[in-house]
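Per-entry structural report
Spelled out from the first residue to the last, the chains are:
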Amino acid sequence: MRFKERWYSIRYWCAQAWSKIRPGSEARKGATWGAILVALWIAIVGGIYLKSGFGLPIDLAFALTVAALGVPLVMLVVWLLLTILRKLPRMFSGLLVGACLLVGLALSPPLGIPFGAILLLTECTLGATIATFLAGQLREAHRSKKIITVALFVAAIAANVTIYIFLSSPGNDKDILRIGQVSSPDPRPLAVPDPANVGPNPVLTTFYGAGSDIRRLEYGKSVAIKTKTIDASLFFKDFKGWKEKLRRRYWGFSMDKLPLNARVWYPQGDGPFPLVLIVHGNHDAAEFSDPGYEYLGQLLASRGFILASIDENFLNGWIVGPEKEQAVRGWMLLEHLKLWREWNEASGNIFYHKVDVNNVALMGHSRGGEAVATAGLFNTLAYYPEDANIRFNYHYPIKSLVAIAPVDGQYKPTGAFRTIKDVSYFTIQGANDSDVSSFHGSRQWDHVQYTDGGKFFKAELYIYGANHGQFNTRWGRSDAGHLLGWFLNLKPLLDPEEQRRIAKTYISAFLETTLHGREEYRPMFRDYRTAREWLPKTYYMSRYQDPSFQVVANFGEDPDLTTTTIPGGSIRAEKLSIWKEARIPYRQGDRGYNGVFLGWNREANAPVPVYSLTLPEGFKPPPVLTLSLAVTDQKAPLPGKKEEEDKSKKDEKPAEITDFGVELQSSDGAAAELPLSQFGALLPPFKVRLTKFQFMDNFAYEKSSEPVFQTFELPLAAFPIDPAKLRTIRLKFDRTPMRVIILSQVGFEDQ
């Protein structure tokens, strides 16, 4: 009985308190206006950034129409549901849900709906309090209602200021990577001219295209060189109906009449000059991407290359987009090469005998980076892998490929990753890329093979602070578009000119090496530190391999931990807490092939963990031992314990640089040991915050870093033993107390 009395007294007190502060009908009207203003604001912003290509008035009209029809429709549905439930204010609740869904639609639901809820709560509170001030007879209200109304008004104002600061802020750099003193001695810098310097050749520009483009004047009737169209309809058999009609209406052509358009920078002079094609990736189709590589065009043309920036904007995402366009991106590059070969033999053409058609490179960015690898594959095939009705007959002498922050695996011929052969390959990637957030080009790097000798090589460069879009001047600092860009952490990014400086330096040097035969630039691909005087101050990782490489172990031949890839060798380990072969992880997913994971957690005076590879009898190694290594962010347990059982060093921060001894033993019993750091610095994972809140990173990207490999070249001449008698390679983990690393390849190559 006493409990029931207390319950009734509590209910009575709550009812009395609520009667004193209960908002009036004017507050609901104010909150309604707040919700309407949120819907109107997101519709206007969405219309401004829609960029359909039909013009701002049409974009705004479309967005406002969606809001004007969508919100009332949702409101009606909610009204009907609440009529059944008969609990909440029906029209107002429907308006809230409709406006929230509209924000979610503009920003993508996983982020937009919770943000929309916060925004609506803020603006409805502000609207309700303002309405109460203006029409609510607040002077006669109870003191508690006055206090709560004022407090809510101040809180809503503060929340608006906070939201504005949050959206307009570039983010923060509190999590920026800071690596301590690197003990590794730097190699001598290259004593050759900076490859990013402008060359001696005056630069000319021109355009070629179908001459019928209705969206860009440069490819319209006044185009300098008119080209034929090509029929890609067999690639898009399922692209039909209203989607195809709408896209045709916008672009003015169908998939059976794709134009061959490009803007060209070329040197003044007789030539012949090497030919380089570059193609953009996926971006807003109405925000044309092909002009964004002018900085490379001007530089390379001045240094004696012809650069054509290929227009494939009509394959990019739009209101509706064609599926399976990834393969077509690569195929079109080969069709452009066919044009150039024809022009080189056509008297009267401005490029008559000016093109070195036997000295060709392809470059691509994002999906374009995958496209150049696809073109490299298609160049060797007689048929399209998915449809033999599409015949290929190219076999052009493509010498080198450049992939800038490429995707990989969006197009997989017959369901497998591409393997390309006998071509030089260079890929460059930013650690702060919030679009292609994993180093997919590194996986393609591993699928470049050499069947013969020659001067081919493959290299990769990973850059802390570089993003996706700044490699193209049209794409900019936001990798997620205009609206979602409000949530990205842009503060740690390199200055755009610095990022493009890196691209110019490495791409120019790569083309100088592979097309002009300037071998003096090759060392910067073996070790980025030789180019340090030309590069902005940030952190880099690099990997290199050439046809002289002879593999000892790549950990993919069988499930036996004790065997090497080369027949007759063997592997053993001592005192390691982790020794396993497993898939090499990306931020999300994995590379699709294995490495060996080596982990140690060595207490003071404990035995030294060792990983040993014994070479086959009679093996004569080339002069340089190479190790492909990456550090993980895992913590190794103590020997004999599982990771979840070991709590001893859970809060200990790992050392930044990883070092260990490399001991070589010969068959006559001689041994010599040197620290890995004598040959380079094994850097920690480049941990980054891509968005402004950690929970956003956890949701969108899962991990703050991923293992990225570095090549370490250890000349056998540095070790005081007879290289011809080398028998065993021992990695002695006696310097860094605790770490987990991945070894992806062990082998030898020429100096």
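Residues numbered from 1 in each chain as written. Predicted model: local features only at pLDDT ≥ 70, side-chain atom pairs only at ≥ 80, totals over all residues. Heavy atoms only, no water.

Some remarks on the nonpolar core
Of all hydrophobic cores here, the largest spans 66 residues; its most connected members are Tyr208, Trp331 and Trp340. Among the elements of the structure, helix 7 (242-251), strand 5 (262-267), strand 6 (273-279), strand 7 (306-310), helix 9 (326-344), strand 8 (355-365), helix 10 (367-378) and strand 11 (398-404) are those that each provide at least two residues to this core. If sequence neighbours within four positions are ignored, Trp331 has contacts with Ile230, Asp231, Ala232, Phe235, Phe378, Phe392 and Tyr394. If you look at the next biggest cluster of nonpolar residues, it comprises 60 residues, including Val276, Tyr506, Leu511 and Ala531. (Core = buried A, V, L, I, M, F, W, Y, C linked by side-chain atoms within 4.5 Å. Buried < 20%, exposed > 50% of the residue type's maximum accessible area, 1.4 Å probe, protein only. Helix = DSSP H or I, 4+ residues; strand = E, 2+ residues; numbered from the N terminus. Contact = heavy atoms within 4.5 Å.)

Details of the sheet that holds strand 16 (residues 540-545)
Read from one edge of the open sheet, 10 strands run 2-1-5-7-6-8-11-13-15-16, paired in mixed fashion. Every interior strand has two partners, whereas the edge strands, strand 2 (225-226) and strand 16, have only one. Across 6 bridges, strand 15 (residues 458-463) lies against strand 16 in antiparallel orientation. Bridge pairing in strand 16 links Lys458 to Gln545. The strands touched by helix 9 are strand 1 (203-209), strand 2, strand 5, strand 6, strand 7, strand 8 and strand 11; relative to strand 8, the strand with the most contacts, the crossing angle is about 155°. (Pairing = 2+ DSSP bridges. Axes fitted to C-alpha atoms, helices over the stretch in contact; angles between N-to-C directions.)

Points about the packing of aromatic side chains
Taken as a whole and assessed by the stated rule, the structure comprises 44 aromatic pairs. Between Trp343 and Phe351 the ring centres are 6.4 Å apart and the planes differ by 20°, which places this aromatic pair in the stacked class. Here Trp343 matches Phe351 in class, with each residue buried. What links up through ring pairs into an aromatic cluster is the set Phe235, Trp331, Phe378, Tyr384, Phe392, Tyr394, Tyr396 and Tyr411. Positioned over the ring face of Phe288 is Arg216, at 4.7 Å from the centre of the ring. (Phe/Tyr/Trp six-rings, centres within 6.5 Å; stacked < 30°, edge-to-face > 60°. Lys NZ or Arg CZ within 6 Å of the ring centre and 35° of its normal.)

Some remarks on the confidence of the model for the protein
Atom-level detail of predicted coordinates should not be read off regions where pLDDT is low. When pLDDT is averaged along the protein, the result is 88, and 88% of the positions lie at 70 or above. pLDDT under 50 marks residues 647-652. Its contacts with residues more than four places away, or in other chains, come to 8 contacts. (pLDDT = per-residue confidence, 0-100.)

Looking at helix 10
The end-to-end C-alpha distance of helix 10 is 16 Å, a good match for the 16 Å that 12 residues give at a rise of 1.5 Å each. Counted residue by residue, helix 10 has 12 buried out of 12 residues, so it is predominantly covered. Those residues of helix 10 that fall on the buried side of the exposure criterion are Arg367, Gly368, Gly369, Glu370, Ala371, Val372, Ala373, Thr374, Ala375, Gly376, Leu377 and Phe378. (Expected span 1.5 Å × (residues − 1).)

Digging into the pairing of strand 25 (residues 710-715)
Burial analysis of strand 25 places 5 of its 6 residues in the buried class, the great majority of the element. Where strand 22 (residues 624-631) meets strand 25, 6 bridges bridge the pair, whose relative direction is antiparallel. Residue pairing in the sheet places Leu627 in a bridge with Phe712 of strand 25.

Focus on the packing of helix 9 against helix 10
For any two helices packed against each other, one specifies the crossing angle of their axes together with the interaxial distance. At a minimum axis separation of 7 Å, helix 9 and helix 10 run at an interaxial angle of 60°. Two packed elements cross with a definite hand, and for helix 9 against helix 10 that hand is right-handed. Residue-level contacts link Gln326, Ala327, Arg329, Gly330, Trp331, Leu333 and Leu334 of helix 9 to Arg367, Glu370, Ala371, Val372, Thr374, Ala375 and Phe378 of helix 10. (Left-handed = near helix turned anticlockwise from the far one by under 90°.)

What to know about the packing of helix 8 (residues 294-302) against helix 13 (residues 496-515)
Where helix 8 meets helix 13, the axes come as close as 11 Å, and the angle between the chain directions of the two elements is 40°. It follows from the interaxial angle that helix 8 and helix 13 lie oblique. Pair helix 8 / helix 13 crosses with right-handed handedness. Here Tyr295, Leu296, Leu299 and Leu300 of helix 8 lie close against helix 13, whose contacting residues are Arg500, Ala503, Lys504, Ile507, Ser508 and Leu511. For the contact of helix 8 with helix 13, the class distribution of residues is 7 nonpolar, 1 polar and 2 charged. (Parallel < 35°, antiparallel > 145°, perpendicular 65-115°, else oblique. Nonpolar A, V, L, I, M, F, W, Y, C, P; charged D, E, K, R; others polar.)

Brief notes about the pairing of strand 11
With respect to burial, strand 11 is a largely interior element, 6 of its 7 residues being buried. Pairing of strand 8 with strand 11 involves 6 bridges; the strand directions are parallel. If you follow Ala361 over to strand 11, its bridge partner there is Ser400. Bridge analysis of strand 11 against strand 13 (residues 424-430) gives 5 bridges, and the strand direction is parallel. Directly across from Ala403, in strand 13, lies its bridge partner Thr427.

Some details on a nonpolar patch on the surface
On the surface, Leu37, Leu40, Ile44, Ile48, Tyr49, Leu56 and Leu64 cluster together into a nonpolar patch covering about 570 Å² of accessible area. Residue assignment for the nonpolar patch shows that the elements contributing at least two residues are helix 2 (25-50) and helix 3 (56-85). It is helix 2 that provides the largest number of residues to the nonpolar patch, a total of 5 residues. On the secondary structure map, Tyr49 appears in helix 2. (Patch = residues over 30% accessible without salt bridge, like charges linked within 9 Å, V, L, I, M, F, W, Y side chains within 5 Å. Areas by Shrake-Rupley, 256 points an atom, 1.4 Å probe, with all protein chains shown as cover. Salt bridge = Lys/Arg side-chain N within 4 Å of Asp/Glu carboxyl O.)

A look at the sheet that holds strand 21 (residues 610-614)
Taken in spatial order, the 5 strands make up an open sheet running 18-21-26-23-24, and their pairing is antiparallel. What marks the edges here is a single partner per strand, and that holds for strand 18 (570-574) and strand 24 (671-675). Along the sheet, successive strands turn relative to each other by an average axial angle of 15°, direction set aside. When strand 23 (residues 661-666) meets strand 26 (residues 726-732), the two strands line up antiparallel, connected through 6 bridges.

Thoughts on the side chain of Asn379
Mapped onto the secondary structure, Asn379 falls in the loop between helix 10 and strand 9 (383-384). A distance of 2.8 Å separates a polar side-chain atom of Asn379 from the backbone oxygen of Tyr396. Those residues within four positions of Asn379 in sequence are excluded, and the remaining contacts are Leu334, Tyr394, His395, Tyr396 and Ile398. (Polar contact = N/O pair within 3.5 Å; in protein donor to acceptor, adjacent residues only side chain to side chain.)

Structural notes on unusual backbone geometry
Cis geometry is found at the peptide bond from Gly271 to Pro272, where omega equals 0°. Structurally, Pro272 can be placed in the loop between strand 5 and strand 6. Phi at Asn605 is positive, roughly 70°, even though this residue is not glycine. Assessed through its relative accessible area of 80%, Asn605 is described here as exposed.

Section: the pattern of salt bridges
Under the definition given, this model contains 35 salt bridges. Here Glu460 ties to Arg543 by a salt bridge, and the two come within 3.2 Å at their closest N and O atoms. Here the residue Glu460 occupies a position in strand 15, and Arg543 occupies one in strand 16, the gap between them amounting to 83 residues. Overall, the relative accessible area of 2% leaves Glu460 in the buried class. Notably, a salt bridge pairs Arg730 with Glu663, separated by 2.9 Å at the nearest N-O pair. Of this pair, Arg730 sits in strand 26 while Glu663 sits in strand 23, placing them 67 residues apart in sequence. Here the residues in one salt-bridge network are Asp186, Asp527, Arg529 and Arg532, joined through shared partners.

A word on the side chain of Thr632
Relative to the elements of secondary structure, Thr632 occurs in the loop between strand 22 and strand 23. At 3.2 Å, the side chain of Thr632 and the backbone nitrogen of Gln634 are in polar contact. Polar side-chain contacts of Thr632 include one of 3.0 Å to the backbone oxygen of Val740.

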